[in-house]
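Overview (structure and organization)
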Amino acid sequence: MFEIQTNNIIPAKGRILISEPLLTDHTFQRTVVLLVEHNDEETMGFILNVPIQIIGKLPAEFPYKDIPIFFGGPVKEGYLFFVYRFDEKFGQSLEIGKHTYWGWDIKDIEEGLTLGLLNKDNTKFFLGYSGWIPKQLDDELDKNSWAISVLDYDKIFHANPEYLWEDTVKGLGENYQHWLKLPRFPQQN
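Here we summarise the structure given alongside this text. A quick note: this is a predicted structure, and the numbers were derived from the prediction, not measured.

Before going further, it helps to examine the pattern of salt bridges. Summed over the entire model, instances satisfying the criterion amount to one salt bridge. Here Arg85 and Asp154 are joined by a salt bridge, their closest N and O atoms 2.9 Å apart. Taken as a pair, Arg85 in strand 6 (residues 75-85) and Asp154 in helix 3 (residues 153-158) lie far apart in primary sequence, 69 residues in all. When its relative accessible area of 38% is taken as the criterion, Asp154 is described as partly exposed.

Below, the structure is given as structure tokens:
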């Protein structure tokens, strides 16, 4: 990894992690992770920019197959999670930020879809999640593996995942613009 100037924003629920461009962990290369939990015991989030093709992998009771599914991370890859934006929470979901929540209960998903509370405009589904044990994320931040930022919650649901990493790097400011010039696979140059 190369040295960067830290942006001095601390991780917190509702913020995003933006991977540095030469991160060697293939799972997180050029990803944007929405943090849904961050405390002394755990950090948890969902990768926002890795859509997946999962035909035949959804639970049979999942009623709407036209809503895109994303790879949330390498932990519990067989479990379905969701993030949604609505005036109020329902079921067992937990708040991330103003009118934005995350959940995991399949019954809540069924109810939300059936009642029209969840749809492709206000909901994002994930298989698996990204997780860090205590101090692990701090160590990665010390190594400059991530930059931390805030994200307009509308972009969670409406940004083109193909360009989300680049767009969030641009939002980090001048000190990070050199990230955009680095090749994705420098060993191939």
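Bringing the pairing of strand 7 (residues 94-97) into the picture now. Of the pairings in the sheet, the one linking strand 7 to strand 8 (residues 100-103) comprises three bridges and is antiparallel in character. Opposite Glu95, over in strand 8, you have Tyr101 as the bridge partner. Here strand 7 folds back onto strand 8 in antiparallel fashion, the turn holding two residues, of which His99 has a positive phi close to 60°.

Moving on, we get to the pairing of strand 1 (residues 16-19). Side chains of strand 1 alternate between two faces, with Ile16 and Ile18 and Leu17 and Ser19 buried alike. Two strands pair when backbone bridges link them, and strand 1 and strand 2 (residues 32-38) are joined in this way by three bridges, in the antiparallel orientation. Its bridge partner lying in strand 2, Ile16 is registered against Leu34. Across four bridges, strand 1 lies against strand 10 (residues 146-149) in antiparallel orientation. The partner of Ser19 across the bridge, within strand 10, is Trp146.

To continue, consider the environment of Asp40. You can see Asp40 is positioned in the loop between strand 2 and strand 3 (43-47). Note on Asp40: relative accessible area 74%, which makes it exposed. For the pair Asp40 and Pro134, spaced 94 residues apart in the sequence, the C-alpha separation amounts to 6.1 Å.

On to unusual backbone geometry. Not every positive phi belongs to a glycine, and Arg30 is a case in point at roughly 50°. Locating Arg30 in the fold gives a position in the loop between strand 1 and strand 2. In this structure, Asn144 is a non-glycine residue whose phi angle is positive, near 60°. Classification of Asn144 as buried rests on a relative accessible area of 16%.

Taken as a whole and judged by the stated rule, the model has 16 aromatic pairs. Both rings, one in Phe46 and one in Trp102, keep their centres 5.9 Å apart while their planes meet at 65°; by these two values the pair is edge-to-face. Residue Phe46 is found in strand 3, and its partner Trp102 is found in strand 8; the two are separated by 56 residues along the sequence. The pair Phe46 / Trp102 is uniform in exposure class, with both members buried. With a centroid separation of 5.1 Å and an interplanar angle of 90°, the aromatic rings of Tyr176 and Trp179 are classed as edge-to-face.

What counts and what doesn't
Residues numbered from 1 in each chain as written. Predicted model: local features only at pLDDT ≥ 70, side-chain atom pairs only at ≥ 80, totals over all residues. Heavy atoms only, no water. Salt bridge = Lys/Arg side-chain N within 4 Å of Asp/Glu carboxyl O. Helix = DSSP H or I, 4+ residues; strand = E, 2+ residues; numbered from the N terminus. Buried < 20%, exposed > 50% of the residue type's maximum accessible area, 1.4 Å probe, protein only. Pairing = 2+ DSSP bridges. Phe/Tyr/Trp six-rings, centres within 6.5 Å; stacked < 30°, edge-to-face > 60°.

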